[in-house]
Amino acid sequence: LSRRVSGIGSMRLAGLMRLATEIGAIDIALGIPPGEPPAEVVRAATAALTGGRNQYAPPEGLLALREVIAELAQRRRGVTVDPATEVTITCGATEGVLNALLAVTDPGDEVILFEPCYENYPGMIELAGTVPRPVPLAGPGWRLDLGAVRAALTPRTRAVLLNTPHNPTGRAFDEDEVAGLLGLCAGHGLVLITDEVYEGYVYDGRRHVSPLGLPGAGEHAIVVGSLSKSLQMSGWRLGYCLASPALTEAVRRVHERTTVGAPGPLQVGAAAVDVAALADDSAYFQRRRDHLVARLEELGLTVFRPEGGWFVLAAVDAFGRPSDLLAEDLVRSAGVLVAPGTSFFTDPADGRRWVRMTFVRDEGRTEEALDRMRKFLSGGHHDR
Ligand code: PMP
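Quick caveat: nothing in here was measured; it's all calculated off a predicted structure.

Criteria and thresholds
- Residues numbered from 1 in each chain as written.
- Predicted model: local features only at pLDDT ≥ 70, side-chain atom pairs only at ≥ 80, totals over all residues.
- Helix = DSSP H or I, 4+ residues; strand = E, 2+ residues; numbered from the N terminus.
- Rg over C-alpha atoms; globule rule 2.2 N^0.38 Å.
- Buried ≥ 20, exposed ≤ 12 C-beta atoms within 10 Å, placed from the backbone.
- Contact = placed C-beta atoms within 7 Å.
- Near = placed C-beta within 6 Å.
- Nonpolar A, V, L, I, M, F, W, Y, C, P; charged D, E, K, R; others polar.
- Pairing = 2+ DSSP bridges.
- Axes fitted to C-alpha atoms, helices over the stretch in contact; angles between N-to-C directions.
- Left-handed = near helix turned anticlockwise from the far one by under 90°.
- Arc of directions from axis to C-beta.

(A) Spatial organisation of the overall build of the protein. In terms of regular secondary structure, the protein is built from 14 helices and 13 strands. For 384 residues, the compact-globule estimate of 2.2 N^0.38 gives 21 Å, and the C-alpha radius of gyration of the protein, at 21 Å, lies within 12% of that figure. On the principal axes, the C-alpha backbone points of the protein span a range of 60 × 55 × 50 Å. Of all 384 residues assigned to the protein, the portion counted as buried reaches 50%. Considering only intrachain contacts with a sequence separation of at least 6, the fraction spanning at least 24 residues in the protein is 75%.

(B) Quick look at the site of the ligand. Around the ligand lies a shell of 13 residues, among which G92, A93, T94, S226 and S228 are the nearest. Here the shell around the ligand gets three residues from one element, more than from any other, and that element is helix α5 (residues 92–104). Here the residues of the shell around the ligand sort into three nonpolar, nine polar and one charged.

(C) View of the sheet that holds strand β13 (residues 354–358). Spatial ordering of the open sheet is given by β9-β10-β13-β12, a layout of four strands whose pairing is antiparallel. What marks the edges here is a single partner per strand, and that holds for β9 (302–303) and β12 (339–340). Two elements, β12 and β13, share two bridges in a ladder whose sense is antiparallel. Looking at β13, one finds that P340 is bridged to V355.

(D) Here's a closer look at the packing of α5 against helix α10 (residues 245–258). For the pair α5 and α10, interaxial distance at closest approach is 8 Å and the crossing angle is 115 degrees. Regarding α5 and α10, the two cross each other, and that crossing is right-handed. Contacts between α5 and α10 involve E95, L98, N99, A100, L102, A103 and V104 from the first element and L247, A250, V251, V254, H255 and T258 from the second. Here the contact of α5 with α10 is built from residues that sort into nine nonpolar, three polar and one charged.

(E) Molecular detail of helix α13 (residues 323–334). Within the span of α13, buried status applies to S323, L326, A327, L330, V331 and A334. Angular distribution of buried residues about the axis of α13 spans 135 degrees; they occupy a single face of the element. As for α13, its buried residues are in contact with α2 (13–23), β11 (336–337), β12, β13 and α14 (363–377). One or two residues past the end of α13 sits G335, with phi positive at roughly 70 degrees.

(F) Region of interest: the pairing of strand β5 (residues 157–163). Among the seven residues that make up β5, six are buried, leaving the element largely enclosed by the rest of the structure. The pairing of strand β3 (residues 110–115) with β5 spans four bridges and is parallel. The partner of I112 across the bridge, within β5, is V160. Of the strand pairs in this sheet, β5 and strand β6 (residues 191–195) are connected by five bridges, and their pairing is parallel. Opposite L161, over in β6, you have I193 as the bridge partner.

Below is the structure:
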């Protein structure tokens, strides 16, 4: 095996997920979209599959879909991008982030990321041959600390990877934070890669802030997005990169080698979306957030109220057990799967205080999971 692969290991959550499936536990850990893609999208994809459109799309993506992505970027990020030269369709945000990393770094370079972080990042950075340099988000408000970023810079730093709205904390970084970070990147010749897969989900009247809309983004920002969450079609594996023509050219060179292109017939389907008619789910998800936060507080957990995204991170130190053991007990004894915080830090020990839950799963099942957790945490019996 390559050193690269031995260093990465498998997803920490995988073992618990297997156990949860065996036991039939209710999963409130994973951010699987609860709904279906828009009907016109499914119809158009079906027509493409049965109508002889089963071959390659252009590597950079179908123009019609790039136009849709540009329209979404205008509406949700307030940014104007040229579908011809600034949009690339990828196989999910996962390929988008990897392409962005490979486009701007060389082996041995360092990439700054913020912890806690989406579980896949450290491994993706290592897969690119680069070295993850974690910078903690400052609790309890999980603010981005520019001083800490500056302190983590070395002559080998090439890129900064930020996720906003943030999985797992629920931060939606504000304009001061994003502009400050972009300024720092521009000042040091770095590229800021933002993973904005939850861009459509910001709460309490907030606005999603993308560096692409800020002055100076030009050669210093690559935005990664996805239709996985935006159109609730995570199995279609459609995502995208937005960047200046020069950075887009670099991203496309990588993309042609990683996957050549995203699935053609599914792009035909996604391109049929009626962007103007898209429902805004954020009000619904905000209500679900409020409900989950209230229930968790009743259980005695300390919760940061999410500003965006699909997750809540709760402190569990009051229960006297590290989160990985607590999560295992919850699966075995209560039949509930939550994500232990140990999955979101390069050093698992840093995540022992936290568990992550989502508020986007089936309402009835979520209630049942919360009831089971209440019985478990209060030491009572439960029936499953
Ligand atoms: N980035 C973040 C922050 C995510 O939470 C997820 C999905 N959980 C992804 C990327 C993966 O997105 P995609 O399905 O588009 O590859």
